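This is what each chain is made of:
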Amino acid sequence: MASPAAAELTFTTLPHPALVSDETRTAILANPGFGTNFTDHMVTIDWTEGRGWHDAVIGPRQPIALDPAAAVLHYAQEIFEGLKAYKQADGSVSLFRPDANAQRFNASAERLAMPALPESVFIESIEKLVALDKAWIPEADGASLYLRPFMIATEAFLGVRPAKTYKFILIASPAGNYFKSGAPAVSIWVSEYTRAAPGGTGAAKCGGNYAASLVPQGEAIARGHDQVVFLDAAEHKWIEELGGMNLFYIFEDGTILTPALTGTILPGITRNSLITLLREEGLSVTEGRYSLDQWRADAASGKLVETFACGTAAVVTPVGTVAGAHGEFTIGSGGPGQITQKVKDRLVAIQRGKAEDTHGWVRKIA
Ligand SMILES: Cc1ncc(COP(=O)(O)O)c(C=O)c1O
């Protein structure tokens, strides 16, 4: 769907009547958790058919009014993104590849029959919110301000067709470590459920994909594992991704494999960045297919030495054990491997401004 030029949009700032006290905020930032605490402000921008994006507002974070017939509540026309603002060593604040999130947001919008948001508006809304809520960025190692841009269909009607009105919203949440256990390597459960079928919405970041993953994820937790891993829907043979992370396999000869983007997995921005960084290390990274049977056999023979999962929330996380209906196997020593650790350190150093950003990935904003 067409959208107006970004230049037509100006942000109105609404005053906040009651900011969270310094004392409360300091206590939250000392132990932010993940996704349970929120900053003082939010951004909202409306879209109406025939008018495009309008009424960009940055104001107090508060509940929104939604008609009970709003399309999002019935047919799940919703998309979202996730990225982080990092406190740099020099006290400044930066984002990591927000343009890539803006592009993926619009790719998701297209798949869900929603309007595109100009990339510059997506980034400007983030810059404005982070500048206003700068005091909410935790400084501890591994901590950051998690940003959640999303879009919902707001038109009140019952009927299966694209809505004629939408709302873009941006909220922010101080974040510590993603995995509660803080384990050096995670244990994953191979689900009998599937996440995405060919031709479906697997490559889009839409809420429905995650609703469908709750039962399999719950099953993984109930069996004592950290995360669920999904196999492909057609043959139930090829490893796709975790509930919220992409996978990389590292072999003893130094070659690396990651599942190809065939439309059923999310094109992770961390995945894309790591492919570049690993290749810069002189390692050969292939995008292809890897079966569960091969994974088990290679782990047993020692051909496979490391596996890691990656994503914005959990960064780079070693996979130690894999369990499923057909038994359990351990990868390498079951702990973090050398290449995993090295590439994680390099990525985090770039994100935090401690290593040179030769790719123009880091965007200083405040
Ligand atoms: C299903 C899924 N796969 C992979 C990822 C990793 O993507 P990114 O590296 O862009 O955070 C995410 C997180 O957004 C996800 O939800």
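Residues numbered from 1 in each chain as written. Predicted model: local features only at pLDDT ≥ 70, side-chain atom pairs only at ≥ 80, totals over all residues. Heavy atoms only, no water.

- As annotated in an unreviewed UniProt entry, the chain carries the name Branched-chain-amino-acid aminotransferase and comes from Novosphingobium organovorum.
- The record held by UniProt for the chain lists under Sequence similarities (unreviewed entry) the comment "Belongs to the class-IV pyridoxal-phosphate-dependent aminotransferase family."
- One UniProt comment on the chain, placed under Function (unreviewed entry), says "Acts on leucine, isoleucine and valine." (UniProt positions renumbered as here; feature names shortened; annotations may be inferred.)

With respect to the pattern of salt bridges
Between side chains of opposite charge, pairing is possible as soon as their charged atoms come close.
Right, so step 1: Under the defined criterion, the tally for this structure stands at 15 salt bridges.
Right, so step 2: Among the salt bridges present, the one from Lys 167 reaches Asp 46, with a minimum N-O distance of 2.8 Å. With a gap of 121 residues between them, Lys 167 in strand 8 (residues 165-175) and Asp 46 in strand 2 (residues 41-48) connect regions that are remote in the sequence.
Right, so step 3: According to the relative accessible area criterion, Asp 46 is buried, its value standing at 19%.
Right, so step 4: With its nearest N and O atoms 3.8 Å apart, the salt bridge here joins Arg 289 to Glu 235. (Salt bridge = Lys/Arg side-chain N within 4 Å of Asp/Glu carboxyl O. Helix = DSSP H or I, 4+ residues; strand = E, 2+ residues; numbered from the N terminus. Buried < 20%, exposed > 50% of the residue type's maximum accessible area, 1.4 Å probe, protein only.)

Concerning the site of the ligand
Right, so step 1: Around the ligand sit 16 residues in total, of which Lys 205, Tyr 210, Glu 241, Thr 270 and Thr 312 are the nearest.
Right, so step 2: At 2.7 Å, a side-chain N or O of Lys 205 approaches an oxygen atom of the ligand.
Right, so step 3: At 2.8 Å from an oxygen atom of the ligand is found a main-chain nitrogen or oxygen belonging to Ile 269.
Right, so step 4: In isolation the ligand offers 380 Å² of accessible surface; the protein chains occlude 95% of this area.
Right, so step 5: Counting only elements with at least two residues in the shell around the ligand, the list comes to helix 7 (269-280) and strand 15 (304-311).
Right, so step 6: Class assignment for the residues of the shell around the ligand results in 5 nonpolar, 7 polar and 4 charged. (Near = heavy atom within 4 Å. Polar contact = N/O pair within 3.5 Å; in protein donor to acceptor, adjacent residues only side chain to side chain. Areas by Shrake-Rupley, 256 points an atom, 1.4 Å probe, with all protein chains shown as cover. Nonpolar A, V, L, I, M, F, W, Y, C, P; charged D, E, K, R; others polar.)

Examining the packing of helix 7 against helix 9 (residues 338-351)
Right, so step 1: Viewed as axis vectors pointing N to C, helix 7 and helix 9 meet at an angle of 110°, and their least axial separation amounts to 10 Å. Comparing their axes, helix 9 and helix 7 come out roughly perpendicular. Our pair here, helix 7 against helix 9, has a crossing hand that is right-handed. Along its contact with helix 7, which presents Thr 270, Ser 273, Leu 274, Leu 277, Leu 278 and Glu 280, the element helix 9 presents Ile 339, Val 343, Arg 346, Leu 347 and Ile 350.
Right, so step 2: When grouped by side-chain class, the residues that make up the contact of helix 7 with helix 9 number 7 nonpolar, 2 polar and 2 charged. (Axes fitted to C-alpha atoms, helices over the stretch in contact; angles between N-to-C directions. Parallel < 35°, antiparallel > 145°, perpendicular 65-115°, else oblique. Left-handed = near helix turned anticlockwise from the far one by under 90°. Contact = heavy atoms within 4.5 Å.)

Considering the side chain of Ser 92
Right, so step 1: You can see Ser 92 is positioned in the loop between strand 5 (83-87) and strand 6 (93-96).
Right, so step 2: Look at Ser 92 and you get buried, because its relative accessible area is 12%.
Right, so step 3: Here the side chain of Ser 92 touches Asp 90 through a polar contact of 2.6 Å, side chain to side chain.
Right, so step 4: There is a polar contact of 3.1 Å between the side chain of Ser 92 and the side chain of Lys 364.
Right, so step 5: Setting aside residues no more than four positions away along its own chain, Ser 92 makes contact with Tyr 86, Lys 87, Lys 364 and Ala 366.

Regarding unusual backbone geometry
Right, so step 1: Phi is positive for Ala 76, which is not a glycine, with a value near 60°.
Right, so step 2: Examined against the element boundaries, Ala 76 turns out to sit in the loop between helix 2 (71-75) and strand 4 (78-80).
Right, so step 3: Overall, Ala 76 belongs to the partly exposed group, its relative accessible area being 37%.
Right, so step 4: Even without a glycine there, the phi angle at Arg 97 is positive, about 50°.
Right, so step 5: With respect to the helices, strands and loops of the structure, Arg 97 is situated in the loop between strand 6 and helix 3 (98-111).
Right, so step 6: With relative accessibility at 14%, the residue Arg 97 sits in the buried group.

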